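Chains, contacts and geometry: an overview
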Amino acid sequence: MIKMSDWKNLLYAGKAKDVYETDKEDEVIVTFRDDITAGDGEKKDNLQGKGNCNSLISSKLFEILESNGVKTQYIDLIKTGSMLSKKLEMIPLEVIARNIATGSLLKRFPFKENQKLDPPIIQMDYKNDEYHDPMLNDEITISLGLATQEELDEIKSITLKINEILSKFLKEKDILLVDFKLEFGKDSKGNIVLGDEISPDTCRYWDIHTLETLDKDSFRQGKDNVMDIYEQVCSMIVDEEDIKRWNSD
Ligand code: 5GP
């Protein structure tokens, strides 16, 4: 049982999450904040309850991945909004998987809007605000010392597996997984482990029937019901039973 006194120093504050030390050297607590940003941080807001929604969705999806043999940072959702996680040394890559052509892909390349991408596209961006997260290729990534070829191959193969598992799971919930961004790190043994979050902030989810947006694109597009959309998608992905289980742990 984790107590409030287990929250130690703030290790890292990101755009929408904070990471705290715990008594254990190899464990951290990730807290999900209500801040929301878009467009390289130019558009900002604070949506009450967003952090809680994202923590519930991420925990559920990490659990689904773990039960399918994918190593993640997730240990437990100790309370809504706060996830006990393995401490990772993060690799500064944004690993993006795309099943449907939309978003920035259409601005950069002559794909048709909503064109099915089969096989899916995997794209790596350099997580670096100063350089505005530029797209990488393997040679640049290796030359920058961000990862080795073996590590890149492993990251791509895990990402394809994650895409298969989550696409299937979300389809059963009437959600189309259009694209998503992952971040990986290394644990104390040097294993590549999935970190960060998988939430409406980092994925495109579309209603499978209407193709309506169920994610952060609603904020990017300036809709006035963004929080309703986050709550809707949260209730589609996370069962009442999950919440009861987390609350009773
Ligand atoms: P796009 O490149 O089309 O803007 O984004 C592709 C997918 O990756 C979307 O699901 C988007 O949410 C996610 N993504 C790409 N870059 C970032 C980023 O810097 N932050 C977050 N939260 N998601 C990103």
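Residues numbered from 1 in each chain as written. Predicted model: local features only at pLDDT ≥ 70, side-chain atom pairs only at ≥ 80, totals over all residues. Heavy atoms only, no water.

Section: the overall build of the chain
For the chain, the helix and strand inventory stands at seven helices and 14 strands. Scaling as 2.2 N^0.38, a compact globule of 249 residues should have a C-alpha radius of gyration of about 18 Å, and the chain matches this with 18 Å. Expressed as a percentage of the 249 residues in the chain, the buried residues total 50%. In the chain, of all internal contacts separated by at least 6 residues, the share reaching a separation of at least 24 is 56%. Surface exposure of the chain reaches about 12,800 Å², of which carbon and sulfur atoms provide 48%. Here the chain contributes 34 positive and 50 negative side-chain charges, whose respective centroids are spaced 1 Å apart. (Helix = DSSP H or I, 4+ residues; strand = E, 2+ residues; numbered from the N terminus. Rg over C-alpha atoms; globule rule 2.2 N^0.38 Å. Buried < 20%, exposed > 50% of the residue type's maximum accessible area, 1.4 Å probe, protein only. Contact = heavy atoms within 4.5 Å. Areas by Shrake-Rupley, 256 points an atom, 1.4 Å probe, with all protein chains shown as cover. Lys, Arg positive; Asp, Glu negative; His and termini not counted. Charge placed at Lys NZ, Arg CZ, Asp CG, Glu CD.)

A short note on the pattern of salt bridges
Tallied over the full model, the rule gives 23 salt bridges. When the shortest N-O distance is used, the salt bridge between Glu27 and Lys24 registers 3.9 Å. Put simply, Lys173 and Asp239 hold a salt bridge, and the shortest N to O gap is 3.7 Å. Of the two residues, Lys173 sits in the loop between α4 (149–172) and β11 (175–182) while Asp239 sits in the loop between α6 (226–237) and α7 (240–248), which places them 66 residues apart along the sequence. One salt-bridge network, in which partners are shared between bridges, spans Lys17, Lys127, Lys181, Glu183, Asp196 and Glu197. (Salt bridge = Lys/Arg side-chain N within 4 Å of Asp/Glu carboxyl O.)

Brief notes about the sheet that holds strand β8 (residues 89–90)
Taken together, the three strands give an open sheet; going across it, the order is β8-β12-β13, and neighbouring strands pair in antiparallel fashion. Of all the strands in the sheet, the pair left with one neighbour each is β8 and β13 (192–194). (Pairing = 2+ DSSP bridges.)

Overview of the site of the ligand
Residues in contact with the ligand amount to 14 residues; listed here are only the nearest, Arg98, Ser104, Asp179, Asp201 and Arg204. At 2.5 Å from an oxygen atom of the ligand is found a side-chain nitrogen or oxygen belonging to Ser104. Here Asp179 contributes a side-chain N or O atom positioned 2.7 Å from an oxygen atom of the ligand. For the ligand, whose unbound accessible area comes to 490 Å², protein coverage reaches 80%. Put simply, the parts of the chain that give the shell around the ligand at least two residues each are β9 (93–100), β11 and β14 (203–207). (Near = heavy atom within 4 Å. Polar contact = N/O pair within 3.5 Å; in protein donor to acceptor, adjacent residues only side chain to side chain.)

Some details on the environment of Tyr205
Summarising the element assignment, Tyr205 is placed in strand β14. A sequence separation of ten residues divides Tyr205 from Asp215, and the C-alpha atoms of the two residues are 5.8 Å apart.

Structural notes on the environment of Met90
In this fold, Met90 is placed in strand β8. Residue classification places Met90 among the partly exposed positions, given a relative accessible area of 37%. The sequence separation of Met90 and Lys186 amounts to 96 residues, and the corresponding C-alpha distance is 6.4 Å. Ignoring any residue separated from it by four or fewer positions in sequence, one finds Met90 in contact with Glu183, Phe184, Gly185, Gly195 and Asp196.

Considerations on the nonpolar core
Counting residues in hydrophobic clusters, the biggest one holds 56 residues, and the most contacted among them are Leu61, Leu93, Ile162, Phe184, Ile198, Tyr205 and Ile237. The leading source of residues in this core is α4, at eight residues. Those residues in contact with Phe184 that lie beyond four places of it in its chain are Met90, Ile91, Val95, Ile155, Ile158, Thr159, Ile162, Ile192, Val193, Leu194 and Gly195. (Core = buried A, V, L, I, M, F, W, Y, C linked by side-chain atoms within 4.5 Å.)

Thoughts on the packing of helix α1 (residues 50–67) against α4
Their axes nearest at 10 Å, the elements α1 and α4 cross at an angle of 120°. One way to sum up the angle between α1 and α4 is to call them oblique. Two packed elements cross with a definite hand, and for α1 against α4 that hand is right-handed. Where α1 abuts α4, its residues Lys60, Leu61, Ile64 and Leu65 lie against Ile162, Ile165, Leu166, Phe169 and Leu170. Partitioning the contact of α1 with α4 into residue classes produces eight nonpolar, no polar and one charged. (Axes fitted to C-alpha atoms, helices over the stretch in contact; angles between N-to-C directions. Parallel < 35°, antiparallel > 145°, perpendicular 65-115°, else oblique. Left-handed = near helix turned anticlockwise from the far one by under 90°. Nonpolar A, V, L, I, M, F, W, Y, C, P; charged D, E, K, R; others polar.)

Side note on the packing of α1 against α7
Viewed as axis vectors pointing N to C, α1 and α7 meet at an angle of 95°, and their least axial separation amounts to 11 Å. Taken together, α1 and α7 sit at an angle that is classed as roughly perpendicular. Counting all contacts with α1, which are made through Leu56, Ser59, Lys60 and Glu63, the residues of α7 involved are Asp242, Ile243, Arg245 and Trp246. In terms of residue class, the contact of α1 with α7 is built from three nonpolar, one polar and four charged.

Some thoughts on the pairing of β14
Buried residues dominate β14, accounting for five of its five residues. As defined by bridge partners, β11 adjoins β14 across five bridges and the pair is classed as antiparallel. Within β14, the residue paired with Asp179 across the bridge is Arg204.

Section: the sheet that holds β14
Strand order in the open sheet made by the four strands is β10-β9-β11-β14, with antiparallel pairing throughout. The sheet is open, and its two edges are formed by β10 (116–126) and β14, each paired on a single side. For this sheet, the mean angle separating the axes of adjacent strands, direction not counted, is 15°. Along the sheet face, α4 touches β9, β10, β11 and β14 and points at about 155° away from the line of β11.

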